[in-house]
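# Observations on chain architecture
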Amino acid sequence: MEFRKNDYVTVTIEDIGSDGEGIGKADGFTLFVKDAVIGDTVEAKIVKNKKNYAYARLERVLKPSPFRVEPGCAYHRQCGGCQLQALSYEEQLRFKQKKIRDNLVRIGGFAPEQVDACMEPIIGMEQPFRYRNKAQYPVGTDRDGGIVTGFYAGRTHTIIPNTDCLLGAGENKEILECILKYMRENHVPAYNEATGEGLLRHILIRKGFASGELMVCLVINDKRGSGLPRRERLIAALRQIPGMTGISVSLNNERTNVIMGREIRTLWGSDTISDTIRVRDMRTPGYPFTGRELTFGISPLSFYQVNPVQTEKLYSLALDYAGLTGRETVWDLYCGIGTISLFMACSAGKVYGVEIIPQAVEDARRNAERNGIKNAEFLAGKAEEILPGLCGEEKPQAGGADVFQDAAGSYHGPLEKPDVIVVDPPRKGCDAVCLDTMLRMAPSRIVYISCDPTTLARDLKLLCEGGYELRRVRGVDQFAMTVHCETAALLERTGQ
């Protein structure tokens, strides 16, 4: 049977796609149905037709799946941020476990029996809501010209008004409504993407879950930072919210989709908040705390994992995979503000963190000092430009045979070759030069943390072709209710 656009089809959902869409077949024709969950029988309307498959919109659930649950958010279908909210949490975890496994087999080329032998059960959450410590809300206007904030509808820049996302901190609602009230009373215009006019573009909120500290950063379309009228009224109102620690503006007058501007100015309070992550024993059921904890300073631009409860488990798992005895030298190649580096420093002989953003390197050094850690050193620059010097392939940039000058002009040395390399790259994974550099450094172990199972599988394949073997792999659900998942993998050099 041939299907066309706008046809209505009855289909039973048999699988879930990588983006959370339900997958079923009608007369042998594959349909991808957003918002349908595995086990549903649904009526769907075809919206985009291809030769061998089609995309369809869910119209009615004819027979609900045993895994279907009632979503807590009224906007979950419009927003698209919580692709799995209608699926039971237990089934979400099974989906993510399968997603990691399937990518390792299909893209990584690993034998199914090898993956099954080294893959451990995914680590889920006890409370899979209210876990995000960071949220960025666009500001705009509705059809009637009223000021709104919320989230973009999936694949659009249409704002779905919502001040109480169930994934965000409970304080976000009060903060957002306070800012909207200020804008309406003081005639502060929302930014218009089409014209480039208007003032307030985005609202960034960060919370330290351990400290209870809150930070608000307003992204404004302004060159001088003086554009907020009667800003003392907004500051006075926000200061009344318990935990409020700092209020700032980010200046961004570029016609761009990039949210934050290059310059941030503090209007009141501190320019950072603090948060504490505790080290857990991942080999003991319940993952008890070991008594060690680390405190970090977080600025509006800092990269910091958005789920602190699961971050403790993820980083503790990475520490467990690293197998440190106190003598090893560890290189953390995408160190950010030093979170993983300082975890490793608790058990390593020496840790080097490498990060391309100089401000993040400065934050990492301050975090090391804050925690009294002396055996961690941070370098600014690209890992693929710094590490080859240790192999004798390139001469140090300055300062003699044992001294290296990083991209920020700081001198380091002598640098020690790694026994263990840790990588936590962005979603696109490691670039080819970085992977090749890691292979030439030939550490005994590589711990790879990934937020994308697809690029993880691709990179693990290349590393294993270069002389490593996959020993352990485990998912950690950092992003409950969404299709995203973090994964930790341990590689060991063959022949050891």
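Now for a description of the structure that goes with this document. (Residues numbered from 1 in each chain as written. Predicted model: local features only at pLDDT ≥ 70, side-chain atom pairs only at ≥ 80, totals over all residues. Heavy atoms only, no water.)

### Things to note about the overall build of the protein
A tally of regular secondary structure across the protein gives eleven helices and 24 strands. Over its C-alpha atoms the protein spans a radius of gyration of 24 Å, differing by no more than 12% from the 23 Å that the globule rule assigns to 496 residues. Structurally, the protein occupies a C-alpha span of about 70 × 60 × 40 Å along its principal axes. The buried share among the 496 residues of the protein stands at 54%. Restricting the contact set of the protein to residue pairs at least 6 apart, pairs at least 24 apart contribute 64%. For the protein, the accessible area works out to roughly 22,300 Å², and carbon and sulfur atoms hold 48% of it. Taken as two groups, the 63 positive and 64 negative side-chain charges of the protein have centres that lie 3 Å from each other. (Helix = DSSP H or I, 4+ residues; strand = E, 2+ residues; numbered from the N terminus. Rg over C-alpha atoms; globule rule 2.2 N^0.38 Å. Buried < 20%, exposed > 50% of the residue type's maximum accessible area, 1.4 Å probe, protein only. Contact = heavy atoms within 4.5 Å. Areas by Shrake-Rupley, 256 points an atom, 1.4 Å probe, with all protein chains shown as cover. Lys, Arg positive; Asp, Glu negative; His and termini not counted. Charge placed at Lys NZ, Arg CZ, Asp CG, Glu CD.)

### A short note on the pattern of salt bridges
Applying the stated rule across the entire model yields 28 salt bridges. For D35, the salt bridge is made with K34, and the minimal N-O distance between the two is 3.1 Å. Exposure remark for D35: the relative accessible area of 15% places this residue in the buried category. A salt bridge links R283 to D320; its shortest N-O distance comes to 2.7 Å. In this pair, R283 sits in the loop between β14 (273-280) and β15 (289-298) while D320 sits in helix α6 (residues 308-322), placing the two residues 37 residues apart along the sequence. Linked by salt bridges that have partners in common, D15, K98, R101, D102 and D116 make up one network. (Salt bridge = Lys/Arg side-chain N within 4 Å of Asp/Glu carboxyl O.)

### Concerning the sheet that holds strand β5 (residues 53-63)
Around the barrel, five strands lie side by side as β1-β2-β3-β5-β4; this closed barrel has mixed pairing. Neighbour-to-neighbour, the strand axes of this sheet turn through a mean angle of 50°, independent of strand direction. Relative to strand β4 (residues 41-49), strand β1 (residues 8-16) runs antiparallel, the two sharing five bridges. When the bridges of β4 are listed, T12 appears paired with T41. (Pairing = 2+ DSSP bridges. Axes fitted to C-alpha atoms, helices over the stretch in contact; angles between N-to-C directions.)

### Things to note about a nonpolar patch on the surface
On the surface, a nonpolar cluster with roughly 230 Å² of combined accessible area is contributed by V47, Y53 and Y55. For V47, a relative accessible area of 34% gives the class partly exposed. (Patch = residues over 30% accessible without salt bridge, like charges linked within 9 Å, V, L, I, M, F, W, Y side chains within 5 Å.)

### Description of the environment of Y8
Secondary-structure assignment places Y8 in strand β1. In sequence terms Y8 and V422 are 414 residues apart; their C-alpha atoms lie 50 Å from each other. Ignoring anything within four residues of it in the chain, the contact list for Y8 reads E43, A44, K45 and E59.

### Description of the sheet that holds strand β12 (residues 244-251)
Judged by pairing direction, the sheet is mixed, and its seven strands sit side by side in the order β9-β8-β7-β10-β11-β12-β13 without closing on themselves. At either margin of the open sheet sits one strand with a lone partner, and together these are β9 (159-161) and β13 (263-269). Pairs of neighbouring strands in the sheet enclose a mean axial angle of 35°, with direction left out of account. Relative to strand β10 (residues 200-207), strand β7 (residues 134-141) runs antiparallel, the two sharing five bridges.

### Quick look at the nonpolar core
If you look at the biggest cluster of nonpolar residues, it comprises 79 residues, and the most contacted ones within it are I179, I203, L218, L238 and L333. Residue contributions to this core peak at seven residues, all from helix α4 (residues 172-185). Core analysis: the second largest hydrophobic core is formed by 43 residues, A322, L342, A345 and V420 among them. (Core = buried A, V, L, I, M, F, W, Y, C linked by side-chain atoms within 4.5 Å.)

### Brief notes about the packing of aromatic side chains
Inspection of the entire model under this criterion finds eight aromatic pairs. Between F32 and Y55 the ring centres are 5.6 Å apart and the planes differ by 35°, which places this aromatic pair in the tilted class. Here the residue F32 occupies a position in strand β3 (residues 29-34), and Y55 occupies one in strand β5, the gap between them amounting to 23 residues. With centroids separated by 5.6 Å and ring planes inclined at 75°, the aromatic side chains of Y315 and F343 adopt a geometry described as edge-to-face. Of this pair, Y315 sits in helix α6 while F343 sits in helix α7 (residues 339-345), placing them 28 residues apart in sequence. You can call Y315 buried: its relative accessible area is 2%. (Phe/Tyr/Trp six-rings, centres within 6.5 Å; stacked < 30°, edge-to-face > 60°.)

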